[in-house]
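Okay, here's what each chain looks like letter by letter:
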Amino acid sequence: MSDHKEIVYSTSEGMDYPTHEQTYKSFIKIGMIGSAAVATVVIMMAIFLT
């Protein structure tokens, strides 16, 4: 069986939090743009294919 020890989280001294936050914001922005593009395609299909 596997050993279920307590998980230990440690922090690194060199974490660059502003860069992490900017990457997260970019990820969310790309996700919103992608979702809008997919919604636009679905709406256009509903209009032109029915």
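Fair warning: this is a prediction, and the values are worked out from it, not measured in the lab. (Residues numbered from 1 in each chain as written. Predicted model: local features only at pLDDT ≥ 70, side-chain atom pairs only at ≥ 80, totals over all residues. Heavy atoms only, no water.)

Undergrad: Even after reading the chapter, I still don't get the overall build of the protein chain, so can you show me in this structure?
TA: Looking only at helices and strands, one finds one helix and zero strands in the protein chain. Relative to its full complement of 50 residues, the protein chain shows a buried share of 0%. With the model as given, the accessible surface of the protein chain reaches about 5,200 Å², and the carbon-plus-sulfur share is 68%. (Helix = DSSP H or I, 4+ residues; strand = E, 2+ residues; numbered from the N terminus. Buried < 20%, exposed > 50% of the residue type's maximum accessible area, 1.4 Å probe, protein only. Areas by Shrake-Rupley, 256 points an atom, 1.4 Å probe, with all protein chains shown as cover.)

Undergrad: It is not clear to me how a nonpolar patch on the surface should be interpreted in this structure. Could you clarify?
TA: On the surface, Val41, Ile43, Met44, Met45, Ile47, Phe48 and Leu49 cluster together into a nonpolar patch covering about 760 Å² of accessible area. Relative accessible area serves as the criterion here: at 52%, Ile47 is assigned to the exposed category. (Patch = residues over 30% accessible without salt bridge, like charges linked within 9 Å, V, L, I, M, F, W, Y side chains within 5 Å. Salt bridge = Lys/Arg side-chain N within 4 Å of Asp/Glu carboxyl O.)

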